[in-house]
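# Report on the structure
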Amino acid sequence: MFILGQTLILLGFVLQIFNLIIDIRFILTKRTHVTASRKAGSFLDFLILGMVLLFCIVYLIIFFVKVQTVWVGILLFAGAVFVTTVLLWINTLTKEIRESAFSISETLIGIVEARDPNLNGHSLHVQELALLIYNNLPAGFKRRINEENLKYAALFHDVGKLGVPEAILNKPASLNPEEWNVMRRHPELSVQILRPLKSFELIKEWILYHHERIDGSGYFGIPGDKIPFAARIISVADTYSAITMARSYKPGKSHEEAIEILKRVEGKQLDTYLVSLFCTIPKEEVVACMERVKEKIREQSSVSEMLEV
C-alpha cells in the first residue's frame with residue numbers, strides 16, 4: 001500500500017510538471033497575441049503559475065517524507081488530474097474564442113470590402129499571402145513575429161480606406177497631388193480606427209508602415225532597416241495582390257508578370273530577401289490563396305444577403 005501511495009504521488013508530481021509547462025506556454029503565447037490581457041489578467045496568470053509551482057514542491061516534500069497513506073496518494077493524484085483538466089479546458093476555450101474572433105473579423109472585413117469592387121477580397125488575399133510567406137520562413141525568422149498577430153495585421157492593413165472618399169478609391173485615372181495626399185493617409189486612418197482596441201497595440205506599427213519602401217522613399221520616409229519585419233511581409237503580399245487583382249481601372253496581371261515586377265522592385269521598394277523567398281514558393285500554392293479567398297467571399301455573400309433580408 002505504501003508503494004502504491006508513493007507511485008500515485010509521483011504520478012501526481014509528473015502531472016503537475018506537465019501543468020507547469022502548459023501554464024508557462026499559455027502565458028508566453030498569450031503575451032504575444034493581439035488578445036494579450038492587461039495587468040489584472042497578467043497578475044492572475046502568474047498567480048496560477050505560482051500555485052502550480054507550489055503544488056510541485058508540496059508533492060516532492062510529501063513524497064520524500066514518506067509518512068503518507070495510500071489515501072493521501074489518491075487524493076494528491078486526483079488533485080493533479082483536476083488541475084490538468086482545468087488548464088486544458090482553459091487552453092481549449094481560449095483557442096476557440098480566438099478562432100471565433102478572427103472568423104468574425106474576416107467576415108466583417110469581407111462585407112465592408114464587398115461594397116467596393118476595388119477592395120472586394122483584397123485584404124483577405126493579403127492575409128492569405130502573408131501567412132504563406134510566414135509559413136515558408138526559416139524557424140529563426142518565424143520567432144521574430146507571431147503568426148496570429150500577422151493574420152490580424154494583414155487583414156486590417158487597409159481598413160483605413162473606409163475613410164478615403166470613393167471618388168478617389170475608384171478614380172480610373174492617376175490621382176492628382178491633393179488626392180494622393182488623402183490616399184497616403186489610409187495607414188494612419190487604419191491605426192486610428194483600431195486605436196480603441198488596446199490589444200492591437202502590438203500590430204499597429206506593422207499596419208502603419210506597410211507602405212514604407214526599403215530605399216526610404218515610402219509614406220513616412222523610414223529606411224529599410226527600421227521597417228518592422230512583419231510590415232515588410234505585408235508589403236510584399238500587398239504588392240502582389242494589387243498587381244494580380246483586377247480593378248475597375250485595370251485588368252489583373254498573371255502570376256508570372258507579377259513575379260517579374262516584384263523582382264524589378266526588390267531592394268528599392270520591397271525587401272530583397274522576402275521577394276526572393278516569395279519567388280521560390282510554388283505557383284500553385286500562391287494561386288491557391290486566391291481560391292481560398294473566393295470561397296470565403298462566397299460564404300460572406302450568403303451572410304450579407306441574410307442581413308439585407
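Above this text you will find the structure in question.
All figures in this text were calculated on a predicted structure; none of them were measured in a lab.

Moving on: the pattern of salt bridges. Taken as a whole, this structure holds seven salt bridges when the rule is applied. Close ionic contact of Lys161 with Asp158 constitutes a salt bridge, the shortest N to O distance being 3.4 Å. A residue is classified by how much of its surface remains accessible, and Lys161, at 14% relative accessible area, is buried. The partner of Lys283 in a salt bridge is Glu256, with the nearest N and O atoms 2.9 Å apart.

What follows concerns helix 11 (residues 229-244). Its 16 residues place the ends of helix 11 23 Å apart at the C-alpha level, agreeing with the 22 Å of an ideal helix rising 1.5 Å per residue. Here helix 11 lies mainly inside the structure; 15 of its 16 residues are buried.

Glancing now at the side chain of Thr84. Relative to the assigned elements, Thr84 resides in helix 3 (residues 70-113). Its relative accessible area of 9% is what places Thr84 among the buried residues. Residues in contact with Thr84, not counting those within four places in the same chain, are Leu15, Phe18 and Asn19.

This part covers the packing of aromatic side chains. Evaluated as defined, the whole model comprises eight aromatic pairs. Measuring from ring centre to ring centre gives 6.2 Å for Trp180 and Tyr219, while their planes differ by 90°; the resulting arrangement is edge-to-face. One end of the pair, Trp180, is in helix 8 (residues 177-183); the other, Tyr219, is in the loop between helix 10 (204-208) and helix 11, with 39 residues separating them in the sequence. The ring of Tyr134 carries Lys142 above its face, with NZ or CZ at 5.6 Å from the centroid. Its end group placed over the ring of Phe229, Arg144 keeps NZ or CZ at 4.3 Å from the ring centre.

About the criteria used
Residues numbered from 1 in each chain as written. Predicted model: local features only at pLDDT ≥ 70, side-chain atom pairs only at ≥ 80, totals over all residues. Heavy atoms only, no water. Salt bridge = Lys/Arg side-chain N within 4 Å of Asp/Glu carboxyl O. Buried < 20%, exposed > 50% of the residue type's maximum accessible area, 1.4 Å probe, protein only. Helix = DSSP H or I, 4+ residues; strand = E, 2+ residues; numbered from the N terminus. Expected span 1.5 Å × (residues − 1). Contact = heavy atoms within 4.5 Å. Phe/Tyr/Trp six-rings, centres within 6.5 Å; stacked < 30°, edge-to-face > 60°. Lys NZ or Arg CZ within 6 Å of the ring centre and 35° of its normal.

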